[in-house]
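Residue-level listing of the chains:
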Amino acid sequence: MTKAAFLRTLAAVVLLVVLYYVIPVEPGVSGWRLVLRSLGACVFLAGAITLVVWQIRRRMRSDQLPLDGLAVALVAGAVAFALADYVLAITNASQFEGLETRTDALYFALSTLFTVGFGDIHAAGQGARILVIFQMVFNIVVLATGASLLVNQATSRVRSRRTGS
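Before going into details, it helps to say that this report is about the structure given with it.

Rules and cut-offs
- Positions within a chain are numbered from 1, following the residues in the order the chain's sequence is written.
- It should be noted that, the model being predicted, local features are given only for residues of pLDDT at least 70 and side-chain atom pairs only at 80 or more, the latter also being counted only at that level, while totals for whole chains, interfaces and linings use all residues.
- Hydrogen atoms and water are omitted, and side-chain values are computed over all heavy atoms in the structure.
- Here a Phe, Tyr or Trp ring, Trp counted by its six-membered ring, pairs with any other such ring whose centre lies within 6.5 Å, and the pair is stacked when the planes are under 30 degrees apart, edge-to-face when over 60, and tilted otherwise.
- Working definition: with a 1.4 Å probe on protein chains only, accessible area under 20% of the residue-type maximum means buried, over 50% means exposed, and in between means partly exposed.
- Only DSSP runs of H or I covering at least 4 residues are called helices, and only runs of E covering at least 2 are called strands; the numbering of each starts at the N terminus.
- To obtain an axis, a line is fitted to C-alpha atoms, over the contacting stretch when the element is a helix, and the angle between two such axes runs from 0 to 180 degrees between their N-to-C directions.
- Throughout, the term roughly parallel applies to angles under 35 degrees, roughly antiparallel to angles over 145, roughly perpendicular to angles from 65 to 115, and oblique to all others.
- In this scheme the crossing of two helices becomes right-handed for a clockwise turn of the near helix relative to the far one and left-handed for an anticlockwise turn of less than a right angle.
- Working rule for contacts: check all heavy atoms of both residues, and any pair within 4.5 Å makes them a contact.

## Examining the packing of aromatic side chains
Argument step 1. Using the criterion set out here, one finds 4 aromatic pairs in the structure.
Argument step 2. Ring centres 5.0 Å apart and planes at 80 degrees place the aromatic pair tyrosine 20 and tyrosine 21 in the edge-to-face group.
Argument step 3. Tyrosine 21 sits in the partly exposed class, given a relative accessible area of 34%.
Argument step 4. Seen in terms of ring centroids, phenylalanine 81 and phenylalanine 138 are 5.1 Å apart; in terms of plane orientation they differ by 45 degrees. Their pairing is tilted. With a gap of 57 residues between them, phenylalanine 81 in helix α3 (residues 68–91) and phenylalanine 138 in helix α5 (residues 126–163) connect regions that are remote in the sequence. Grouping residues by exposure puts phenylalanine 81 and phenylalanine 138 together as buried.

So, in structure tokens, the structure goes:
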């Protein structure tokens, strides 16, 4: 990856995290605002999933594509689940134990992604458990595939540079 590509990827990742923290989401909404918030979170999540799947499909068809798109897509997937976790937690406080801030939600999403799950934050309600089930399946199927592709392609590029191929 060139320095310019690395800087673009880093900027995109930073932008995703900044957007995660500045998207307006306030507690205590009901009625149509709650429906719109839930719909918005689902659309954002579906968009992130679509982006990751699209990048994985592109990568599987060609090993010559740059890795930056897939890296950004993987971060988008993790951030999308963190936002969905946060929206659910502030909409219904009984859904998650220990999840009170956006940082808590990002921490929970990443600890679920990396399957460490310390137990300090956990799904308590049925809605949260369903969301976390989707998150775990997404992590195993989609993110693990994408991460594996990233590692395999990066490793093969390093090997080809060493052998001069």
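## Some remarks on the packing of helix α1 (residues 3–22) against helix α4 (residues 102–113)
Two quantities define a packed helix pair, namely the angle between the axes and the distance from one axis to the other.
Argument step 1. At a minimum axis separation of 10 Å, α1 and α4 run at an interaxial angle of 130 degrees. As summarised for this structure, α1 and α4 are arranged oblique, according to the angle between their axes. Crossing of α1 over α4 shows right-handed handedness. Judged by residue contacts, Tyr20, Tyr21 and Val22 of α1 engage Arg102, Thr103, Ala105 and Leu106 from α4.

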